[in-house]
Amino acid sequence: EELLVESGGGLVQPGGSLSLTCAASGFTFSTVDMSWVRQAPGKGLEWVSTINSGGGRTYYEDSVKGRFTGSRDNAKNTLYLQMNSLKTEDTGVYYCATGDWSATSIDRDVGYWGQGTQVTVSS
């Protein structure tokens, strides 16, 4: 079974940091691009970042550029998102997913998706 499991979410004050982890299993992780996608309360899915299969190229949504850093360890089948200087607007459920969702309508029925992890930024 193809499986993605996010972890690392929680409650943090504005300006703080969180590190998210996505553990993959059941497919050849090292051959696929990966994305982070989030959903704020009452809002639609929003692409956050993409990293290519080898980990050498990363892309970010403008509002998180300079604050978030995506990476991956293919030997461990693991995807990461380091989030610094967090803002209240970053609050939402964060999902990892296969594929590059930077320039297309997001469809959770396409590819593999995790269950999500809640990130809450509040004072």
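Scroll up to find the structure.
S.K.: Residues and numbers for the sheet that holds strand E8 (residues 78–83), please.
M.R.: An order of E1-E3-E8-E7 is seen for the four strands of this open sheet, with the pairing classed as antiparallel. Each edge of the open sheet carries a strand with a single partner, namely strand E1 (3–7) and strand E7 (68–73). Strand-to-strand twist across the sheet, computed as the mean angle between neighbouring axes with direction ignored, equals 15°. The pairing of strand E3 (residues 18–25) with E8 spans six bridges and is classified as antiparallel. Residue pairing across strands places Cys 22 opposite Leu 79, the latter belonging to E8.

S.K.: Give a description of the pattern of salt bridges that names residues and reports values.
M.R.: A side chain with one charge may pair with a side chain of the opposite charge, provided their charged atoms come close. Per the counting criterion, the structure on display carries four salt bridges. With a shortest N-O distance of 3.2 Å, Asp 62 and Lys 65 are connected by a salt bridge. Overall, the relative accessible area of 60% leaves Asp 62 in the exposed class. As a salt-bridge pair, Asp 90 and Arg 67 come within 2.8 Å of each other at their nearest N and O atoms. Within this pair, whereas Asp 90 is found in the loop between E8 and strand E9 (92–98), its partner Arg 67 is found in the loop between strand E6 (58–60) and E7, the two being separated by 23 residues in sequence. Per residue, the accessibility class of Asp 90 equals that of Arg 67, and both read buried. What you see here is one network of salt bridges that share partners, running through Arg 38, Glu 46, Arg 67 and Asp 90.

S.K.: Which residues make up the nonpolar core, and what are the values?
M.R.: By size, the foremost hydrophobic cluster in this structure holds 23 residues, and its most contacted members are Trp 36, Phe 68, Leu 79, Leu 81, Met 83 and Tyr 94. Of all elements in the fold, only E3, strand E4 (34–39), strand E5 (45–51), E8, E9 and strand E10 (117–121) reach the threshold of two or more residues within this core. Sort the elements by how many residues they give to this core and E3 lands first, with four residues. Residues in contact with Tyr 94, not counting those within four places in the same chain, are Glu 6, Leu 20, Val 37, Arg 38, Val 48, Phe 68, Leu 81, Met 83, Gly 116, Thr 117 and Val 119. By size, the runner-up hydrophobic cluster in this structure holds six residues, among which are Trp 47, Tyr 95, Ala 97 and Trp 101.

Rules and cut-offs
Residues numbered from 1 in each chain as written. Predicted model: local features only at pLDDT ≥ 70, side-chain atom pairs only at ≥ 80, totals over all residues. Heavy atoms only, no water. Pairing = 2+ DSSP bridges. Helix = DSSP H or I, 4+ residues; strand = E, 2+ residues; numbered from the N terminus. Axes fitted to C-alpha atoms, helices over the stretch in contact; angles between N-to-C directions. Salt bridge = Lys/Arg side-chain N within 4 Å of Asp/Glu carboxyl O. Buried < 20%, exposed > 50% of the residue type's maximum accessible area, 1.4 Å probe, protein only. Core = buried A, V, L, I, M, F, W, Y, C linked by side-chain atoms within 4.5 Å. Contact = heavy atoms within 4.5 Å.

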